[in-house]
Structure formats: structure tokens, C-alpha cells
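An overview of the molecular structure
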Amino acid sequence: MISSKVKFLESFLGEGSSLSRNNDVAFYCPKCNHRKKKLAVNLNTDKKGHWGKYHCWVCGEKFKGKNLISLLKFCGRYSLLKEYVKTINDDKWFTLDTKKVDLNVALPIKFIPISSYLLNNDKNSNLKRAYHYLKNERKLTDIEIISNMFGITTDKNYYGYVIIPSFDKDGELNYFVGRSYTGSKYRYRNCKNAKTNIIFNEINIDWNSDLLITEGPFDCIKSKLNSTCILGSSLIKKSLLFKKIVENKTPIKLALDSDSKGTEKAINIASLLMKYNIDVQIINFDKKYKDIAEMPADEWLSIYESQKGLSLNETEILKKRIEGMV
Ligand SMILES: [Zn+2]
């Protein structure tokens, strides 16, 4: 039983460490991608037949009392998980969030593009409010608002949110992000598709040029460069974005948030990519700006131009890790 649990976990998380005295196995954490195996999964089965309590010693990701789905979703292998569930019909514990398996994504019903406020003089007061949010708080130009096809919806799940659609390489919708324009405490409300299965606005990406990776969609737009974003999460080996970068040997520039979390994420992503011989560079900017989206465009572009060129090596990564600890 223990060995089948290990086999199951390894098909998602890669090779585990040897079993500890308490029946813990350590894996690389799919959430924070720390360079060491810091995710401990316990294989003991309790009275209810549950097993798999886990904890990452680095990012703190831990078992939420239901099942392993919240961990395994970071691996982006939903079809594998579904297959596995079918084979263990005696174990009711594994339940699947089927919404996440379905790759088809559709915009919320009654999607109204913000361009209709600008071009057709639509008087809808929510459209006006969303437009002013993008214009005044996000400092986007009318052209950026129209060309990125921002919109709003009367769907109650996304009411009060600007919908930011994303398109795959063929121009098909593959994801959307909702950003509150009314100051809701939930700033973002994303669609149910798994982030790891899609590349945000792949339609705009040239894989043969330097690719900038940011945290959020507004950073991408404001960067005015060949870019995509990781939607606030990390870059994991099983993600489509990672595969495409390695396949195309695309040189990567990382400009994540300037806070310590963002810095740590950037270092982890950089060291992962370097293991695969990808040229990677971290672009540093003044901590007075949280991200590119907050920076005036000309200031960002001059920072980028002045730093781009040199790619990182192992020593510099180590130096950054040490700086990060101070
Ligand atoms: Zn972690």
C-alpha cells in the first residue's frame, strides 16, 4: 500500500526521497518550486481511511483537511488524476473537481466589451466606472483598453470585475481574469481553468525573442514588450509555459513583484530554468513600485534597456539568495 501511494505521488510530483521513520516522503514543492525537496507528505492512513497530510517547510502550503487535490492541482495533471481515481473505486476519498478538467473556457454570459463605451457611446454606468478604473487607476490608454478586449459582465460571479481575456496561439479564448473595479476585498477572480494548462495571451508571444515574464496581466500590457504572465503563481515544470520555453530555448527576463515574495519566486524560477540551460535574467527595479503596472512606462523601459544583456549564472543566483535572507 505504501509503495502504491509513493508511486501515485511520484507520477505528479516527481521522484520522492526515501521513507522517513514516520512514513513521510519528501518531494519538490509544486507551489514554490524550492530547489530542495521541502514538501513532506505523510503516508499513514487514519481511522477514516484518509492519508496524505502534507506540508511545505518553505512556502507553508499544507493539507486543508479534505484531500490532496489542492496540492496536486499545482501539477496541472488533471487527466492523470481522473484516471487514477477510476482505478481506486474502493477509495471514495479522492474526489475530483471536474470543472478543472474541462479545458473549454467561455467568457461569462452577457459580456460587454468596454470598447462599446468608447466607440458606441454606450451609457451603461458600470461600463463607465470600469473604463475610468482602467484609465485613471491602471493608467491604460484607450488603445490598450480596446486592443486587449477588456469587458464587464452582468454574470453575478463576476459583477464589479473587469474581465481580462487571454487567447491561445490560434486566437481561441483560453483563460480570463476578473479584476475588481469596485474595491472588493477579492481583487482577482479568475476563471476555473487550470493556470498550468494555458499560456496567458500566447497569441502575442514570439518564442524566438527575449520573453518577459511578469506576475499579472497589467504588468504584461504595461511592459510593452514580448511578454506573458504567470497569473500570480509560480512556474512549474509541468506547466505548458515551462514546456514551451524549454522547447524553444526562449531567453527569459523575469520582472516579478518587487516585494520579498516576488524576489524569492524570481530566484526559484531562474534557478529552475537555468537547470534546463535557458538564458535567464532578473530585472530589478525600485521597491517604491510594487510591479511594472505601477511604474511610468518610460521609466520602466529605460530600466529594462539599461539592465538587459547579461544573463545570470549560478554564483549570482547564490548571491541573490543570500541577499534575500538579510
Ligand atoms: Zn512550497
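Data block above holds the structure.
Since this is a predicted model, take the numbers as computed values, not measurements.

**Regarding the overall build of the protein chain**
From N to C terminus, the protein chain includes eleven helices and twelve strands. Put simply, the protein chain has 326 residues, and 48% of those count as buried. At a minimum sequence separation of 6, the contacts of the protein chain that also span at least 24 residues come to 56%. On the protein chain, roughly 17,200 Å² of surface is accessible, and the fraction owed to carbon and sulfur atoms is 52%.

**Brief notes about the packing of aromatic side chains**
Across all of its chains, the model carries eight aromatic pairs by this definition. Measuring from ring centre to ring centre gives 6.4 Å for Phe8 and Trp51, while their planes differ by 75°; the resulting arrangement is edge-to-face. Of this pair, Phe8 sits in helix α1 (residues 2-13) while Trp51 sits in the loop between β2 (39-42) and β3 (54-56), and the two are 43 residues apart along the sequence. Exposure class is identical for Phe8 and Trp51. Each is buried. Taken together, a centroid distance of 5.6 Å and an interplanar angle of 45° make the contact between Trp300 and Tyr304 tilted. One end of the pair, Trp300, and the other, Tyr304, are both in helix α10 (residues 297-307), four residues apart, so they sit about a helical turn from each other. The same class applies to Trp300 and to Tyr304, which are both buried. Among the aromatic side chains, those forming a connected cluster through ring pairs are Phe8, Phe12 and Trp51.

So, how was this worked out
- Residues numbered from 1 in each chain as written.
- Predicted model: local features only at pLDDT ≥ 70, side-chain atom pairs only at ≥ 80, totals over all residues.
- Heavy atoms only, no water.
- Helix = DSSP H or I, 4+ residues; strand = E, 2+ residues; numbered from the N terminus.
- Buried < 20%, exposed > 50% of the residue type's maximum accessible area, 1.4 Å probe, protein only.
- Contact = heavy atoms within 4.5 Å.
- Areas by Shrake-Rupley, 256 points an atom, 1.4 Å probe, with all protein chains shown as cover.
- Phe/Tyr/Trp six-rings, centres within 6.5 Å; stacked < 30°, edge-to-face > 60°.

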